[in-house]
Amino acid sequence: MNFQKVGIVGSGIMGSGIAEVVATAGATVILRSRTSQTADAVLVGLEKSLARKVAKQLHSHATANIIRSRVSATMEFADLADCDLIIESVVEDLDTKKMVFHELDQIMKPGTILTTNTSTLSVAGLATTISHPERVCGLHFFNPAQAMPLVEVVRPLSASDETVEAIIEFALACGKEPVEVKDQAGFVVNALLFPYLNHAVRLLGQEVATIEGIDIAMKGGCGFPMGPFALLDLIGLDTSVAILDALDVAFGDANFAPEPLLRQMVSEGKLGRKSGSGFYDYGQ
Ligand SMILES: NC(=O)c1ccc[n+]([C@@H]2O[C@H](COP(=O)([O-])OP(=O)(O)OC[C@H]3O[C@@H](n4cnc5c(N)ncnc54)[C@H](O)[C@@H]3O)[C@@H](O)[C@H]2O)c1
């Protein structure tokens, strides 16, 4: 592991999953969350996730305890000052991410590498907001971060070779399969995936089949592990709309304009698994 102390900003689905991945790989992790409740929730979630792995005999009790002891949470950006690497994973909104980058620029020690887990936004655009854009690149994990092998390593023109090489080495140390990609909206996976997900919502609107029917069709017909509606619920419908909006702006292609039903569900608070309901009900 080439980074001893790793900061993570954002305690949502991805930030908490990445914390477990990085701690399991051997680094000390400090996760910055806006409230003590969400910070505590990350630590409780980590304990539950590790307990599941112990039950499945993927970790011993001792290993799970060591991994748990490596992770702490804070509400202060200043507590990330001595991190060797910081991974930003807040909501997919350019202004919010710029605000976070600005805060981090005030406190990062010299030499720290800053990465973003953005799904679609310009990494170069974020890099310009800090003093050392050569130390910024994209490190795009997939959901759930603990289980998905791929990470996209996004190389903006501003990034130094040393930065990109260090992040590829880090990804490998985390047990991931890194693929270097150009700093273009959606990179590889989301540029290909989101027109498909959006089209599934359109087919639903055209009453071609039910939610369950479309999911069964894509699993049984294409060998996908889950159908488009289960996947949209897993990603989060708010995040999905943000990704489609960014792709629409970048490419001006009608396939990327979010289907109205997606926006309507977000406005009703139906965000998918994380809110307890989306296309499916999760009984929370
Ligand atoms: N959900 C996925 O499947 C997925 C996969 C890969 C990458 N991503 C990316 O990861 C990032 C986080 O997504 P997520 O799914 O964890 O989202 P989420 O909704 O689960 O969590 C968002 C996080 O952002 C924080 N946040 C919101 N507004 C903020 C603000 N004004 N200031 C600081 N923090 C704020 C929230 O408190 C929360 O911790 C996004 O860039 C997203 O595109 C998501």
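Scoring rules and cut-offs
Residues numbered from 1 in each chain as written. Predicted model: local features only at pLDDT ≥ 70, side-chain atom pairs only at ≥ 80, totals over all residues. Heavy atoms only, no water. Helix = DSSP H or I, 4+ residues; strand = E, 2+ residues; numbered from the N terminus. Buried < 20%, exposed > 50% of the residue type's maximum accessible area, 1.4 Å probe, protein only. Lys, Arg positive; Asp, Glu negative; His and termini not counted. Salt bridge = Lys/Arg side-chain N within 4 Å of Asp/Glu carboxyl O. Polar contact = N/O pair within 3.5 Å; in protein donor to acceptor, adjacent residues only side chain to side chain. Contact = heavy atoms within 4.5 Å. Axes fitted to C-alpha atoms, helices over the stretch in contact; angles between N-to-C directions. Parallel < 35°, antiparallel > 145°, perpendicular 65-115°, else oblique. Nonpolar A, V, L, I, M, F, W, Y, C, P; charged D, E, K, R; others polar. Pairing = 2+ DSSP bridges. Right-handed = clockwise from strand over helix to strand, strands pointing away. Near = heavy atom within 4 Å. Areas by Shrake-Rupley, 256 points an atom, 1.4 Å probe, with all protein chains shown as cover. Domains from an automatic or database assignment.

Enquirer: Would you mind going over the side chain of Lys176 with me for this structure?
Expert: Tracing the backbone through its elements, the reader meets Lys176 in the loop between helix 6 (161–173) and strand 8 (177–182). Here Lys176 occupies a buried position and makes no salt bridge, while the nearest side chain of opposite charge, Glu20, is found at 9.6 Å. A polar contact of 2.6 Å, which involves the side chain of Lys176, links it to the backbone oxygen of Ala145. Setting aside residues no more than four positions away along its own chain, Lys176 makes contact with Val21, Phe141, Ala145, Gln146, Ala147, Met148, Pro149, Val151 and Ala171.

Enquirer: What exactly am I supposed to notice about the packing of helix 9 (residues 228–235) against helix 10 (residues 237–251) here?
Expert: When two helices pack together, their arrangement is given by the angle between their axes and by how far apart the axes lie. In contact at an axis separation of 6 Å, helix 9 and helix 10 are set at 95° when each is read in the N-to-C sense. Taken together, the axis directions place helix 9 and helix 10 in an arrangement best described as roughly perpendicular. Contacts between helix 9 and helix 10 involve Leu232, Asp233 and Ile235 on the former and, on the latter, Leu237, Thr239 and Ser240. Split into classes, the residues belonging to the contact of helix 9 with helix 10 amount to three nonpolar, two polar and one charged.

Enquirer: What is the right way to read the pattern of salt bridges from this model?
Expert: Pairing between side chains of opposite charge can happen when their charged atoms approach one another. For the structure on display, the rule yields 12 salt bridges. Here Lys97 ties to Glu88 by a salt bridge, and the two come within 2.6 Å at their closest N and O atoms. Its relative accessible area of 1% is what places Lys97 among the buried residues. Here Glu180 and Arg155 are joined by a salt bridge, their closest N and O atoms 2.7 Å apart. Taken together, the positions of Glu180 in strand 8 and Arg155 in strand 7 (residues 150–155) put the pair 25 residues apart, joining distant regions of the chain. Its relative accessible area of 42% is what places Glu180 among the partly exposed residues. A residue is classified by how much of its surface remains accessible, and Arg155, at 28% relative accessible area, is partly exposed. By sharing partners, the salt bridges in this structure join Glu88, Glu92 and Lys97 into a single network.

Enquirer: Can you walk me through the pairing of strand 2 (residues 28–32) in this structure?
Expert: Here is the key point about a regular strand: its side chains alternate between the two faces of the sheet. The element strand 2 is extensively covered by neighbouring structure, given that four of its five residues are classed as buried. Bridge count for strand 1 (residues 5–9) against strand 2 is five bridges, and the pairing is parallel. Counterpart to Val9 in the pairing with strand 2 is Arg32. Handedness of the strand 1-helix 1 (residues 13–24)-strand 2 crossover: right-handed. In the sheet, strand 2 pairs with strand 3 (residues 71–74) via four bridges, with the strands oriented parallel. If you follow Arg32 over to strand 3, its bridge partner there is Thr74.

Enquirer: Can you walk me through the site of the ligand in this structure?
Expert: Neighbouring the ligand are 22 residues; Glu92, Lys97, Ser119, Ile235 and Lys274 lie closest to it. One nitrogen or oxygen atom from the side chain of Arg34 is found 3.1 Å from an oxygen atom belonging to the ligand. Glu92 is positioned such that a nitrogen or oxygen atom in its side chain is 2.6 Å from an oxygen atom of the ligand. With the chains in place, 86% of the 830 Å² that the ligand exposes on its own is no longer accessible. Those elements giving two or more residues to the shell around the ligand turn out to be helix 1, helix 4 (94–107) and strand 6 (136–141). Grouping the amino acids of the shell around the ligand by side-chain chemistry returns seven nonpolar, 11 polar and four charged. A domain-level breakdown of the shell around the ligand finds at least three residues from each of domain 1 (5–182) and domain 2 (190–274).

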